[in-house]
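# Reading the structure
If you want the building blocks of each chain, they are given just below.
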Amino acid sequence: SIDIPEGLRDVIGKRLSHLSAQCNRVLRAAAVIGQTFRLDVLHQVADISEDDLFATLEEAKAVAVLDEHHSVGAVPSFSFTHAFFRQTLYEENITPRRIRLHQQVGRAIEVIQAGRLDEHATELAVHFANSSDPEDLAKALRYSERAAKNAIGVYAYAEGVRLREHALQVHEVLGPEDNAKHCDLLIELGNVLL
């Protein structure tokens, strides 16, 4: 989370207040997805028609809240022009809505990227860890472990440590009485630290 100075928060709020209610709602969903987000994932969670989605993205792009990215053969993606826009929109979601959006985003990514889940394991771990549902937390733990293995496999040890610590945090909520699993996670963390 970024600490946004009050004066800057006012400037951002004024820029966002010029957008339609629908555009702000879609951008709040996009903020849950991440700083950069794929059009197909946003369409799954935005719950509006494709034409309305395009119109809201054009509206946000026109006032320099979003940038568009596209290359041949790739699914179009967008990013917030500044992390402060994303953070402000993310914080505008009340906690129950944020949890629901994280669940929807995680499930959408699982469907859209079904054959490439290892590539999205870190992202999926984050989304499912923001849920209070035990099934989602179990997924968060599995994805954190997969993402850690992927990171370690390419010698990204700092990322591996971060992901192992994330797995421990999720496990402490999901199964605090499972000492064997807790011990396994600590050993895996120790191995990465070594």
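Here is a short report on the structure shown in this document. (Residues numbered from 1 in each chain as written. Predicted model: local features only at pLDDT ≥ 70, side-chain atom pairs only at ≥ 80, totals over all residues. Heavy atoms only, no water.)

## Some points on the overall build of the protein
For the record, the criterion: Secondary structure elements follow DSSP: runs of H or I of four or more residues count as helices, runs of E of two or more count as strands, with numbering from the N terminus. Relative accessibility under 20% of the residue-type maximum defines a buried residue, over 50% an exposed one, and the middle range a partly exposed one, all with a 1.4 Å probe and only protein chains included. By the convention used here, residues are in contact when the closest approach between their heavy atoms is within 4.5 Å. In this tally, Lys and Arg are treated as positive and Asp and Glu as negative; His is ignored, and so are the chain termini. Where a charge lies is defined by one atom per residue type, namely NZ (Lys), CZ (Arg), CG (Asp) and CD (Glu).
Helix and strand content of the protein: 10 helices and three strands. For the protein, the N- to C-terminal ordering of α and β elements is α-α-β-α-α-β-β-α-α-α-α-α-α. Overall, the C-alpha framework of the protein stretches about 55 × 40 × 30 Å when taken along its three principal axes. A total of 194 residues make up the protein; the buried ones form 41% of that total. Relative to all contacts within the protein whose residues are 6 or more apart in sequence, the contacts with residues 24 or more apart total 58%. One finds the centroid of the 20 positive side-chain charges in the protein at a distance of 1 Å from the centroid of its 29 negative side-chain charges.

## Let's talk about the environment of Val105
Looking at where Val105 falls in the secondary structure, it is placed in helix α6 (residues 95–112). Judged by its relative accessible area of 0%, Val105 is buried. As a C-alpha pair, Val105 and His182 span 77 residues in sequence and 28 Å in three-dimensional space. Setting aside anything within four residues of it in sequence, one finds Val105 in contact with Val32, Ile33, Val41, Val45 and His127.

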